[in-house]
Amino acid sequence: MARYVPKTVREYGRIHLADRLGDHGWQCFIARRSPNEDEVIAGMPEQGLEVRLKFHSQESSQAVRFYNSDTLDWDWEYLVITTYILEETPVTYLLSRADVGVDGRMDDEFGGALWLQPEEFCADEFKEAWGKLAGV
């Protein structure tokens, strides 16, 4: 049987996210919410833990756009950004909603959308910070 080969950066990102969460003991459910967004729920049922994630996968390191500045797009607790997803060693950054909401962290450009720039999320404190999920 042929192995499934992802066709888009988003599909590569879904697979990478599920694998990385699995490496840290989390089960992962990913559902398409709209053409541009997925709903991700990660959990450890035996410990009664569940967390909602927003994720972005990118070919390089690019700004992340939030369309609705009031809700930051939907109900999530952590933002997962994977850069260089098509390379041998993608890099993943994990930020809590509070990390994203720090004053001055996001730019307001282009008609009210908010942008989280790479220089803000590429900090060492967010790089491969899977331990943040342990505090859920």
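Preceding block: the structure.
Residues numbered from 1 in each chain as written. Predicted model: local features only at pLDDT ≥ 70, side-chain atom pairs only at ≥ 80, totals over all residues. Heavy atoms only, no water.

### Focus on the packing of aromatic side chains
Thinking step 1. Summed over the entire model, instances satisfying the criterion amount to two aromatic pairs.
Thinking step 2. Ring plane angle 25° and centroid distance 6.2 Å describe the contact between Phe 66 and Trp 76, whose orientation is recorded as stacked. Taken as a pair, Phe 66 in strand β4 (residues 64–66) and Trp 76 in the loop between β4 and β5 (78–83) lie far apart in primary sequence, 10 residues in all.
Thinking step 3. Summarising the aromatic geometry, the rings of Tyr 93 and Phe 121 are spaced 5.7 Å apart at their centres and angled 65° between planes, so their arrangement reads as edge-to-face. Here the residue Tyr 93 occupies a position in strand β6 (residues 91–96), and Phe 121 occupies one in helix α3 (residues 118–121), the gap between them amounting to 28 residues. In this pair, the class of Tyr 93 matches that of Phe 121, namely buried.
Thinking step 4. Above the face of the Phe 55 ring, Arg 10 is positioned so that its terminal group lies 6.0 Å from the ring centre. (Phe/Tyr/Trp six-rings, centres within 6.5 Å; stacked < 30°, edge-to-face > 60°. Helix = DSSP H or I, 4+ residues; strand = E, 2+ residues; numbered from the N terminus. Buried < 20%, exposed > 50% of the residue type's maximum accessible area, 1.4 Å probe, protein only. Lys NZ or Arg CZ within 6 Å of the ring centre and 35° of its normal.)

### Things to note about the pattern of salt bridges
Thinking step 1. Tallied over the entire structure, the rule returns five salt bridges.
Thinking step 2. Measuring nitrogen to oxygen at the nearest pair gives 3.3 Å for the salt bridge that ties Arg 20 to Asp 23. Here Arg 20 pairs with Asp 23, and both are found in helix α1 (residues 9–23), just three residues apart, close to one helical turn.
Thinking step 3. For Arg 20, the salt bridge is made with Glu 128, and the minimal N-O distance between the two is 2.8 Å. One end of the pair, Arg 20, is in helix α1; the other, Glu 128, is in the segment after α3, with 108 residues separating them in the sequence.
Thinking step 4. A relative accessible area of 31% means that Glu 128 is categorised as partly exposed.
Thinking step 5. Taken together, the salt bridges that share partners define one network made up of Arg 20, Asp 23 and Glu 128. (Salt bridge = Lys/Arg side-chain N within 4 Å of Asp/Glu carboxyl O.)

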